[in-house]
Amino acid sequence: MSIRKHKRKAAKHSHKHSSQVKQTSFVSTHPRAAMFTGSSLIVIGLFLLIIGMGSDAKFGLAMLSMATGSLILFFAKSTLPKKAEK
């Protein structure tokens with residue numbers, strides 16, 4: 001096989017396996033809604049922490065809610081598009 005023909009065939013087959021499947025999540029597709037959800041979970045956690053001081057179950061739920069909200073808020077903030085500085 002000539003060199004030119006080999007290059008044509010190599011270029012034709014090189015893109016066959018290069019397409020990767022992108023995984024999209026709620027946070028990456030809708031970062032503003034995810035930020036609202038994370039903020040809401042933090043506020044609900046604070047509310048449960050203030051109201052349910054005597055109950056261990058409410059305290060655990062409050063901590064879980066605040067931790068989950070913080071993680072969602074952090075990841076949503078990192079996926080927001082960056083503003084161009086002038």
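Above this text you will find the structure in question.
It should be emphasised that the depicted structure is a prediction, and the values quoted were computed from it without experimental measurement.

Turning to helix α3 (residues 31–51), a few remarks are in order. If you check α3, its first and last C-alpha atoms are 30 Å apart, about what 21 residues at 1.5 Å a residue would give, namely 30 Å. When α3 is considered as a whole, its buried residues turn out to be P31, A34, M35, G38, G45 and L48. The arc that holds every buried residue of α3, seen down its axis, measures 155°, which confines them to one face. Among the exposed residues of α3, those oriented more than 90 degrees off its buried face are R32, F36, V43, F47, I50 and I51.

With that out of the way, let us pick up the nonpolar core. The biggest cluster of nonpolar side chains holds five residues, and these are V27, A34, M35, A76 and L80. Among residues more than four places away in sequence, those in contact with A76 are V27, P31, A34 and M35.

To continue, consider the environment of S39. Position of S39 among the secondary structure elements: in helix α3. Since its relative accessible area comes to 34%, S39 is described here as partly exposed. Separated by 31 residues in the primary sequence, S39 and S70 have C-alpha atoms spaced 7.7 Å apart. A distance of 2.9 Å separates a polar side-chain atom of S39 from the backbone oxygen of M35.

Within the secondary structure, S65 is located in helix α4 (residues 56–79). Judged by relative accessible area, S65 falls into the buried class, the value being 10%. Among all residues touching S65, those that are not within four sequence positions of it are L41, I42, I44 and G45.

The next subject is the packing of aromatic side chains. Using the criterion set out here, one finds one aromatic pair in the structure. On the basis of an interplanar angle of 65° and a centroid distance of 5.4 Å, the ring pair of F74 and F75 is categorised as edge-to-face. The class for F74 is exposed, based on a relative accessible area of 54%.

What follows is about the environment of L48. Inspection of the secondary structure assignment puts L48 in helix α3. Distance from L48 to M66, taken between C-alpha atoms, is 9.9 Å for residues 18 residues apart in sequence. Residues within four places of L48 in sequence aside, it is in contact with K58, L61 and A62.

The next subject is the packing of α3 against α4. When two helices pack together, their arrangement is given by the angle between their axes and by how far apart the axes lie. Contact geometry for α3 and α4: axes closest at 7 Å, N-to-C directions at 160°. The pairing of α3 with α4 is recorded here as roughly antiparallel in orientation. The handedness of the crossing between α3 and α4 comes out as left-handed. Class assignment of the residues belonging to the contact of α3 with α4 gives a composition of 17 nonpolar, eight polar and two charged.

Rules used in this analysis
- Residues numbered from 1 in each chain as written.
- Predicted model: local features only at pLDDT ≥ 70, side-chain atom pairs only at ≥ 80, totals over all residues.
- Heavy atoms only, no water.
- Helix = DSSP H or I, 4+ residues; strand = E, 2+ residues; numbered from the N terminus.
- Expected span 1.5 Å × (residues − 1).
- Buried < 20%, exposed > 50% of the residue type's maximum accessible area, 1.4 Å probe, protein only.
- Arc of directions from axis to C-beta.
- Core = buried A, V, L, I, M, F, W, Y, C linked by side-chain atoms within 4.5 Å.
- Contact = heavy atoms within 4.5 Å.
- Polar contact = N/O pair within 3.5 Å; in protein donor to acceptor, adjacent residues only side chain to side chain.
- Phe/Tyr/Trp six-rings, centres within 6.5 Å; stacked < 30°, edge-to-face > 60°.
- Axes fitted to C-alpha atoms, helices over the stretch in contact; angles between N-to-C directions.
- Parallel < 35°, antiparallel > 145°, perpendicular 65-115°, else oblique.
- Left-handed = near helix turned anticlockwise from the far one by under 90°.
- Nonpolar A, V, L, I, M, F, W, Y, C, P; charged D, E, K, R; others polar.

Just geometry here; none of it tells us what the structure is for.
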